[in-house]
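Next come the chains, spelled out residue by residue.
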Amino acid sequence: YQENTTTSFSQDYKKGTVLYPNPVNDHIAINIESTAENNIQVQIFGMDGKLVLSNTYNVNEDLVYINELQTLDKGIYILAYTSDNKSYRSRFIKN
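The following paragraphs examine the structure supplied in this document. Per chain, the residues get numbers from 1 upward, laid out in the order the sequence is written. In keeping with the predicted nature of the model, local features appear solely for residues at pLDDT of at least 70, side-chain atom pairs appear and are counted solely at 80 or more, and the whole-chain, interface and lining totals rest on all residues. Calculation of side-chain values draws on the structure's entire complement of heavy atoms; hydrogens and water are dropped beforehand.

Looking at chain direction, strand β3 (residues 39-46) and strand β6 (residues 75-83) are connected through five bridges and run antiparallel. If you follow Q43 over to β6, its bridge partner there is A80. Of the strand pairs in this sheet, β6 and strand β7 (residues 86-94) are connected by nine bridges, and their pairing is antiparallel. Across the sheet, I76 pairs through a bridge with I93, a residue of β7. In sequence, β6 turns back onto β7 through a hairpin of two residues, with D84 there showing a positive phi of about 50°. For two strands to count as paired, DSSP must find a minimum of two bridges between them. Helix and strand assignments come from DSSP, with helices taken as H or I runs of at least 4 residues and strands as E runs of at least 2, each series counted from the N terminus.

Our focus in this paragraph is the sheet that holds strand β1 (residues 18-20). Taken together, three strands build an open sheet; the order of strands is β1-β2-β5 and the sheet is antiparallel. Each edge of the open sheet carries a strand with a single partner, namely β1 and β5 (63-66). Sheet twist, expressed as the mean angle between neighbouring strand axes with direction ignored, is 20°. Note: β1 against strand β2 (residues 28-31), three bridges, orientation antiparallel. The residue of β2 that forms the bridge with V18 is N31. Axis definition: a line fitted to C-alpha atoms, limited for helices to the stretch in contact. Angles are taken between N-to-C directions and run from 0 to 180 degrees.

When two rings of Phe, Tyr or Trp (its six-membered ring) have centres within 6.5 Å they constitute a pair, described as stacked for plane angles under 30 degrees, edge-to-face for angles over 60, and tilted for the intermediate range. This model, assessed by the stated rule, comprises two aromatic pairs. Aromatic side chains Y81 and Y88 sit 5.0 Å apart centroid to centroid with 15° between the ring planes, which places their arrangement in the stacked category. Residue exposure (1.4 Å probe, protein chains only): buried if accessible area is under 20% of the type maximum, exposed if over 50%, otherwise partly exposed. Judged by relative accessible area, which is 3%, Y81 ranks as buried. Note on Y88: relative accessible area 5%, which makes it buried.

Put into structure tokens, the structure is as follows:
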């Protein structure tokens, strides 16, 4: 048995999350909708659907900072997270 680390995105994901800067070099900030949660689980997928980063981050005044992007190859990625039982996704470019 081998665990499959690819995924597909269904239509129930909400769009419109603001990521900046975009394109990114080594860090990104997520401006999320107001949430009652103190932490959110963030996942980053390559365009092939493979999970490349998964971590829990603190929400600070509706912002989440991710500083671990320096190891990602150049390309396009999908960032996904769930907050208040709603799923969000957004694309970003890694320089």
